Amino acid sequence: MSSIILSTTIRLLLPLLLLFSVFLLLRGHNEPGGGFVGGLVAAAAISLYALAEGVEAAHRILIVNPRQLIAGGLLTALGSGIIPLFLGRPFQSGLWLPHSLPVLGHVGTPLLFDLGVYLLVAGMALLIVLSLMEEE
Amino acid sequence: MLLAVLCGFVAALFAPLGFRRFPLWAGRFAPLLPLGLFLFFLSHIGPVSRGEPVVVTAPWIPSLGIDFALYLDGLGMLFALLVTGIGFLIFLYTPAYLGGDRRQGTLFAWLFAFMAAMLGTTLAGNLITLFVFWELTGLCSYLLIGFDHEAEGSRSAALQALLVTGGGGLALLAGFLLLGGVVGSMELPVLLASGDLVRNHPLYLPILLLLLGGAFTKSAQFPFHFWLPNAMAAPTPISAYLHSATMVKLGIYLLARFSPVLAGTELWLALVAGVGGLTMLVGGILAVLEHDLKRILAWSTVSALGILTLLLGVGTPAAITAAILLLLTHALYKSSLFLVAGALDHGAGSRDTRQLGGLARRMPWLAVAAILAALAMAGLPPLFGFITKESIYAALFLSPWEPLLLTGLMLAANGLMVTVAVITGLGPFLGKGAPALAAYHPLPPTLWLAPLLPAALGLLLGLVPNMVAPLLLRPAIAVVQAAPVNTVLALWHGFNFELLLSAATLVVGLLIVLSRRRLLALLPASWQEGGFTQDGGFVLLLRALLRGARLQTIIVQNGRLRYYLMATIGVAMGSMGLTFLESGGLPGSLAWPSGYLHEWLAAGIIVAGALTVTVTDSRLGAVVALGTVGYGVSLVYILYGAPDLAMTQFCIETLAIVLFVLVLYRLPLFTLLSTPVVRLRDACMAAAIGGLMTLLMFYVLAQPLVPHVSDFFLANSLPAAHGRNVVNVILVDFRALDTLGEIVVLAVAALGVFGLMQSRRSDGEGK
């Protein structure tokens with residue numbers, strides 16, 4: 001299933017799509033977007049790459065295993081909730097840095113939580129898609 | 001004190017590592033912890049014996065008002081000293097007994113944890129603390145019985161003990177909750193002071209039955225007595241510790257602890273004394289029919305627990321005094337006899353009473369320990385057991401309820417005890433040496449020292465009983481009786497009726513010993529070998545439960561996805577439809593909607609897609625049409641101002657189509673397999689759920705919206721959570737816990753899919 005058109009397009013599209021997914025993640029707090037949809041976009045991008053270049057290539061550019069993405073995402077989300085415990089606040093209270101950062105904007109534990117959601121959703125979709133593709 | 005109770009758990013954490021790195025030194029240091037705790041509790045004995053309990057409270061779950069409370073009074077002190085004192089002997093004995101088994105560390109970890117759990121249970125200051133530790137002891141018992149987990153017998157015995165005591169634990173929890181509700185407090189001091197309230201409450205009967213359920217299962221009372229002998233599958237030090245000296249006494253502890261609250265009614269007398277009496281006889285009779293040392297001791301433990309229950313059931317001051325004395329005596333002589341049995345097994349290679357004999361010359365110190373313990377068990381002067389037995393007779397003879405019957409039964413039970421004492425304590429050491437003992441080897445010193453210490457203590461206490469009476473026994477009796485007492489113990493009471501009964505007991509016991517062989521020969525051949533289990537009913541019940549579960553699984557979980565789907569939809573439809581009918585149908589009238597052209601187009605796309613899915617005869621076509629429905633829905637989201645939803649829906653649809661295509665790729669060609677009737681049924685089902693959902697939407701839209709929740713989110717999103725996108729702020733901040741739950745579900749689902757794919761792949765490779 002190799003197509004020159006697809007593999008040429010994906011080479012341009014992949015970085016754009018991944019960048020877009022991060023963009024969605026970061027703007028989620030104030031504009032439409034968020035970790036869930038960002039993760040889905042990232043997963044779609046990598047799936048497209050896998051369709052064009054094969055599952056092996058997709059695993060190569062992923063570097064980590066989708067299962068590790070899921071675990072990392074879950075730990076990140078959980079960790080964002082645990083951080084406030086160390087400061088004597090209830091589980092999952094939002095903590096914010098006092099000043100805005102360039103590009104990222106106002107940063108706090110909810111963003112970390114959203115990052116966890118992003119990683120987990122991307123990992124989940126990729127785990128299913130890639131293992132189905134490998135079957136062939 | 002908090003630290004004293006919990007340090008066992010800490011030690012349990014480090015035990016496996018310690019024993020792996022320094023097997024020798026870990027074994028030498030391990031007994032120091034129980035010894036230290038023993039001395040620690042001993043240091044509190046002054047105030048406690050003056051009737052001033054030590055109370056420690058630490059917040060545990062403050063939001064529910066639950067504290068971690070410890071309450072050290074006379075009864076708790078007696079148990080704490082027993083647990084740590086016997087614990088010291090067991091910890092001293094186990095390393096030599098196991099002889100460098102590589103799983104020693106694990107065993108010690110469970111033992112440490114068990115000791116901590118026992119201390120927690122007996123020193124608990126409220127019902128919640130008590131229950132949690134109670135269950136922990138059961139769990140440790142499960143792990144320790146199943147220590148030899150490669151043997152089928154150990155595993156099933158462990159499971160049996162867990163199920164029986166765990167079931168009792170559930171009853172106990174229910175009883176505690178009722179009791180706490182009636183009194184209005186879970187705290188022990190408050191509970192102990194509200195006996196009259198509880199006894200006159202309409203819920204007294206269920207509370208009593210549930211608490212007794214917990215106590216009787218834990219202390220192996222009839223008809224739950226069967227699990228204790230099976231628990232002998234554990235290594236012998238474990239049996240000595242858990243299943244004779246401490247854990248099985250928890251039921252007795254519970255009865256004693258709640259005596260001031262529950263005792264004193266006819267029902268208590270009948271139930272507790274009745275069950276105790278029955279257990280005492282059943283245990284005694286079965287004990288003399290066995291040949292394995294450990295099983296004999298196990299059945300005699302059941303019998304002793306029955307005597308304790310009987311005495312607490314009678315509940316007079318004299319009976320309570322006798323019960324507390326027996327608690328101490330029994331712990332001392334029974335742990336000693338168990339340790340002797342373990343040492344015999346270790347040194348002579350057998351536990352069969354028919355093979356052991358004449359070992360006194362080869363194992364002199366062990367013989368001294370065994371004979372002292374056996375004499376205490378038989379209740380001979382000048383041992384503490386004699387004082388105990390005299391006080392039991394004195395209590396029963398003055399019992400307000402059937403004194404003659406009870407004394408007669410006790411005479412029989414004690415006679416059987418004498419027999420057991422002769423068989424287990426004297427038999428292996430006296431008489432002719434049996435020929436089949438080629439495996440004999442000398443014992444390491446701790447193996448005879450550990451049984452000798454409690455046996456010698458039994459002698460010491462018999463000679464100077466008033467050494468411990470005012471400090472240890474009197475406060476415990478006072479707690480159970482809820483009144484101060486002035487018990488004075490004496491070895492010699494003069495020539496009285498109790499002495500006569502003691503002599504009669506001895507005669508009865510010796511008569512049984514002498515005629516035992518002839519009596520055994522009269523029994524059916526299948527009974528001659530011993531090994532009575534008494535768990536037929538339990539096994540049948542368990543089997544019936546499994547069969548029921550299997551049947552129910554076949555009906556409910558038949559493995560066909562479409563039936564699951566139909567059941568889910570059917571239930572949803574039924575419950576929604578009923579609610580809908582009850583609410584009186586649609587409010588108001590439905591007007592024909594006036595929409596813009598593009599809205600009608602979006603609706604048209606959705607309907608056309610849905611219709612195509614149902615009639616197409618190509619799988620790919622169906623998938624694409626389904627995708628069209630999804631895109632149409634996201635179009636609707638965009639039109640009505642929900643870009644977040646639309647975006648997510650769009651991505652989901654795209655990925656879903658990819659997944660569908662990947663799956664469908666491997667399916668066989670599309671063939672029509674369903675009959676017209678089935679298709680009609682499916683169509684009806686689909687139409688019904690679709691119609692119902694539509695009605696529901698109309699119904700919901702006709703209701704006025706409850707504004708304050710969304711108003712709150714809108715108002716607080718920016719100031720409290722620094723975000724303008726309210727949907728996302730709700731997801732990651734206001735309701736982040738929900739989201740966390742959802743992503744956990746996602747992760748589990750993905751792992752499930754992955755697991756299925758992996759198993760398919762390995763199946764393929766296997767073929």
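Fair warning: this is a prediction, and the values are worked out from it, not measured in the lab.

Caption draft 1: Quick look at the overall build of chain B. When helices and strands are counted, chain B shows 33 helices and 2 strands. Computed over C-alpha atoms, the radius of gyration of chain B comes to 35 Å, more than 25% over the 27 Å expected from 2.2 N^0.38 for 767 residues, which places it beyond the range of a compact globule. Expressed as lengths along the three principal axes of its C-alpha atoms, the size of chain B is roughly 115 × 65 × 50 Å. Taking as baseline every contact in chain B between residues at least 6 positions apart, the subset at least 24 positions apart corresponds to 78%. Accessible area for chain B stands at about 35500 Å²; split by element, carbon and sulfur atoms hold 71% of it. When the 38 positive and 32 negative side-chain charges of chain B are each reduced to one mean point, those points stand 13 Å apart.

Caption draft 2: A look at the overall build of chain A. On a plain count of helices and strands, chain A comes out with 5 helices and 0 strands. The secondary structure elements of chain A, listed N-terminal to C-terminal, are α-α-α-α-α. When the backbone C-alpha atoms are referred to their principal axes, chain A occupies close to 55 × 30 × 20 Å. Accessible area for chain A stands at about 6600 Å²; split by element, carbon and sulfur atoms hold 72% of it. Charge centroids of chain A, computed over 5 positive and 7 negative side chains, lie 10 Å from each other.

Caption draft 3: Structural view of the state of the cysteines. Under the criterion given, the structure shown has 0 disulfides over all chains. Looking at B:Cys7, it has no disulfide partner, and the nearest cysteine sulfur is the one in B:Cys140, 14 Å off.

Caption draft 4: Expanded view of the nonpolar core. Formed by 199 residues in total, the largest nonpolar core has its most connected members in B:Phe41, B:Trp227, B:Tyr241, B:Phe258 and B:Leu262. Domain assignment of the residues forming this core places at least three in each of domain 1 (1-195) and domain 2 (288-297 + 313-521) of chain B. Listed in part, the 43 residues of the second largest apolar core include A:Val37, A:Met124, B:Leu740 and B:Ala747.

Caption draft 5: Geometry of the domain arrangement of chain B. Considered domain by domain, chain B is made up of domain 1 (1-195), domain 2 (288-297 + 313-521) and domain 3 (595-671). Here the C-alpha centre of domain 3 of chain B lies 61 Å away from the C-alpha centre of domain 1 of chain B.

Caption draft 6: Quick peek at the interface of chain B and chain A. Of the residues lining the interface, 38 residues belong to chain B; the matching set on chain A comes to 42 residues. Counting the surface lost from both chain B and chain A, the interface buries some 3700 Å², and carbon and sulfur atoms represent 73% of this. Connecting chain B to chain A are 0 salt bridges. Of all the secondary structure elements, the ones that give two or more residues to the side of chain B that touches chain A are α29 (643-664), α31 (708-721), α32 (726-734) and α33 (736-766) of chain B. Here the side of chain B that touches chain A takes 15 residues from α33(B), the largest share from any one element. Broken down by class, the residue content of the side of chain B that touches chain A amounts to 26 nonpolar, 6 polar and 6 charged.

Caption draft 7: Examining the pairing of strand β2 (residues 66-72) of chain B more closely. All names here are of chain B. Across the 7 residues of β2, 6 count as buried, placing the element largely inside the fold. Where strand β1 (residues 54-61) and β2 come together, 7 bridges link them in antiparallel fashion. Residue Val 55 lies in a different strand from β2, and its bridge partner there is Tyr 71. Connecting β1 to the antiparallel partner β2 that follows it, the hairpin turn spans 4 residues, and Gly 65 within it adopts a positive phi of roughly 70°.

Caption draft 8: Representation of the packing of aromatic side chains. Residue and element names in this part refer to chain B. If you walk through the whole model with that rule in mind, you get 18 aromatic pairs over all chains. Ring geometry for Phe 397 versus Phe 497: centroids 4.5 Å apart, planes at 35°, classification tilted. Note that Phe 397 is positioned in helix α20 (residues 384-397) and Phe 497 in helix α24 (residues 497-522), a separation of 100 residues in sequence. Through a chain of ring-to-ring contacts, the aromatic side chains of Phe 9, Trp 60, Phe 68 and Phe 133 assemble into a single cluster. Across the ring face of Trp 25, the terminal group of Arg 28 is positioned such that the distance to the ring centre comes to 5.0 Å.

Caption draft 9: View of the pattern of salt bridges. All names here are of chain B. Scanning all chains against the criterion turns up 11 salt bridges over all chains. When the shortest N-O distance is used, the salt bridge between Arg 351 and Asp 292 registers 3.2 Å. Placement of Arg 351 in the loop between α18 (317-348) and α19 (364-378) and of Asp 292 in the loop between α16 (266-289) and α17 (293-314) is noted, with a sequence separation of 59 residues between them. Look at Asp 292 and you get partly exposed, because its relative accessible area is 23%. Of the charged contacts, one joins Arg 681 and Asp 682 as a salt bridge, the two residues approaching to 3.2 Å between their closest N and O atoms. Counted as one network, the salt bridges with shared partners bring together Asp 292, Asp 345 and Arg 351.

Caption draft 10: Spatial organisation of unusual backbone geometry. The omega torsion of the bond from B:Phe222 to B:Pro223 falls at 5°, within 30 degrees of zero and hence cis. You can see B:Pro223 is positioned in the loop between α11 (204-218) and α12 (227-230). Residue B:Pro382 is reached from B:Pro381 by a cis peptide bond, and omega for that bond is 5°. Of note in this structure, A:Ile63 is not a glycine but carries a positive phi near 70°. The residue A:Ile63 is located in the loop between α3 (55-62) and α4 (66-86) in this model. Taking the relative accessible area as the measure of exposure, A:Ile63 reaches 76% and is therefore exposed. Phi is positive for B:Glu402, which is not a glycine, with a value near 45°. Relative to the assigned elements, B:Glu402 resides in the loop between α20 and α21 (403-426).

Caption draft 11: Just the environment of B:His291, in detail. Residue and element names in this part refer to chain B. Among the structural elements, His 291 can be located in the loop between α16 and α17. Given a relative accessible area of 7%, His 291 falls into the buried group. Placed 61 residues apart in sequence, His 291 and Asp 352 show a C-alpha to C-alpha distance of 5.6 Å.

Caption draft 12: Focus on the side chain of B:Ser335. All names here are of chain B. Considering the arrangement of structural elements, one finds Ser 335 in helix α18. One polar contact links the side chain of Ser 335 to the main-chain carbonyl oxygen of Ala 331, over a distance of 2.7 Å. Ignoring anything within four residues of it in the chain, the contact list for Ser 335 reads Ile 86, Ala 240, Ser 244, Ala 245, His 330 and Pro 454.

Caption draft 13: Molecular detail of the side chain of B:Gln160. All names here are of chain B. By the secondary structure assignment, Gln 160 is in helix α8 (residues 152-183). One polar contact links Gln 160 to Asn 230, side chain to side chain, over a distance of 2.6 Å. The contact partners of Gln 160, leaving out residues within four places of it in the chain, are Phe 226, Trp 227, Asn 230, Asp 535 and Phe 538.

Caption draft 14: Geometry of the packing of α20(B) against α21(B). Residue and element names in this part refer to chain B. Orientation of α20 relative to α21, taken along the N-to-C sense of each, is 155°, at an axis distance of 8 Å. In terms of their interaxial angle, α20 and α21 are classed as roughly antiparallel. Every residue of α21 that contacts α20 at Lys 389, Ile 392, Tyr 393, Leu 396 and Phe 397 is listed here: Pro 403, Leu 404, Leu 406, Thr 407, Met 410, Leu 411 and Asn 414. Considering only residue class, the contact of α20 with α21 consists of 9 nonpolar, 2 polar and 1 charged.

Caption draft 15: Broad picture of the environment of B:Leu449. Residues and elements named next belong to chain B. Structurally, Leu 449 can be placed in helix α22 (residues 445-463). The exposure class of Leu 449 is partly exposed, given its relative accessible area of 34%. Sequence separation between Leu 449 and Leu 92 is 357 residues; the distance between their C-alpha atoms is 8.8 Å.

Caption draft 16: Spotlight on helix α13 (residues 236-245) of chain B. Counting buried positions along α13(B) yields 10 of 10 residues, so the element is predominantly enclosed. Against α5 (74-98), α6 (104-123), α7 (127-145), α12, α17 and α18 of chain B lie the buried residues of α13(B).

Caption draft 17: How the structure looks around a nonpolar patch on the surface. Side chains of A:Leu78, A:Ile82, A:Leu85, A:Phe86, A:Leu87, A:Phe91 and B:Leu737 sit close together on the surface and give an oily, nonpolar patch of about 700 Å² of accessible area. Tracing the backbone through its elements, the reader meets A:Phe86 in helix α4.

Caption draft 18: Just α31(B), in detail. Residues and elements named next belong to chain B. A rise of 1.5 Å per residue sets the reference length of α31, with its 14 residues, at 20 Å; its end C-alpha atoms lie 18 Å apart and thus fit the reference within 8%. Of all the bends in α31, the greatest reaches close to 35° and is centred on Ala 715; the proline Pro 719 follows between one and four positions later. Among the residues of α31, Phe 713, Ser 717 and Ala 721 are the ones counted as buried. Phi turns positive, to about 55°, at His 722, one or two residues after α31.

Calculation criteria
Residues numbered from 1 in each chain as written. Chains lettered and ligands numbered in written order. Predicted model: local features only at pLDDT ≥ 70, side-chain atom pairs only at ≥ 80, totals over all residues. Heavy atoms only, no water. Helix = DSSP H or I, 4+ residues; strand = E, 2+ residues; numbered from the N terminus. Rg over C-alpha atoms; globule rule 2.2 N^0.38 Å. Contact = heavy atoms within 4.5 Å. Areas by Shrake-Rupley, 256 points an atom, 1.4 Å probe, with all protein chains shown as cover. Lys, Arg positive; Asp, Glu negative; His and termini not counted. Charge placed at Lys NZ, Arg CZ, Asp CG, Glu CD. Disulfide = S-S within 2.5 Å. Core = buried A, V, L, I, M, F, W, Y, C linked by side-chain atoms within 4.5 Å. Buried < 20%, exposed > 50% of the residue type's maximum accessible area, 1.4 Å probe, protein only. Domains from an automatic or database assignment. Buried area = accessible area lost by both parts, 1.4 Å probe. Salt bridge = Lys/Arg side-chain N within 4 Å of Asp/Glu carboxyl O. Nonpolar A, V, L, I, M, F, W, Y, C, P; charged D, E, K, R; others polar. Pairing = 2+ DSSP bridges. Phe/Tyr/Trp six-rings, centres within 6.5 Å; stacked < 30°, edge-to-face > 60°. Lys NZ or Arg CZ within 6 Å of the ring centre and 35° of its normal. Polar contact = N/O pair within 3.5 Å; in protein donor to acceptor, adjacent residues only side chain to side chain. Axes fitted to C-alpha atoms, helices over the stretch in contact; angles between N-to-C directions. Parallel < 35°, antiparallel > 145°, perpendicular 65-115°, else oblique. Patch = residues over 30% accessible without salt bridge, like charges linked within 9 Å, V, L, I, M, F, W, Y side chains within 5 Å. Expected span 1.5 Å × (residues − 1). Bend = angle between axes of the 7 residues up to and from the residue.

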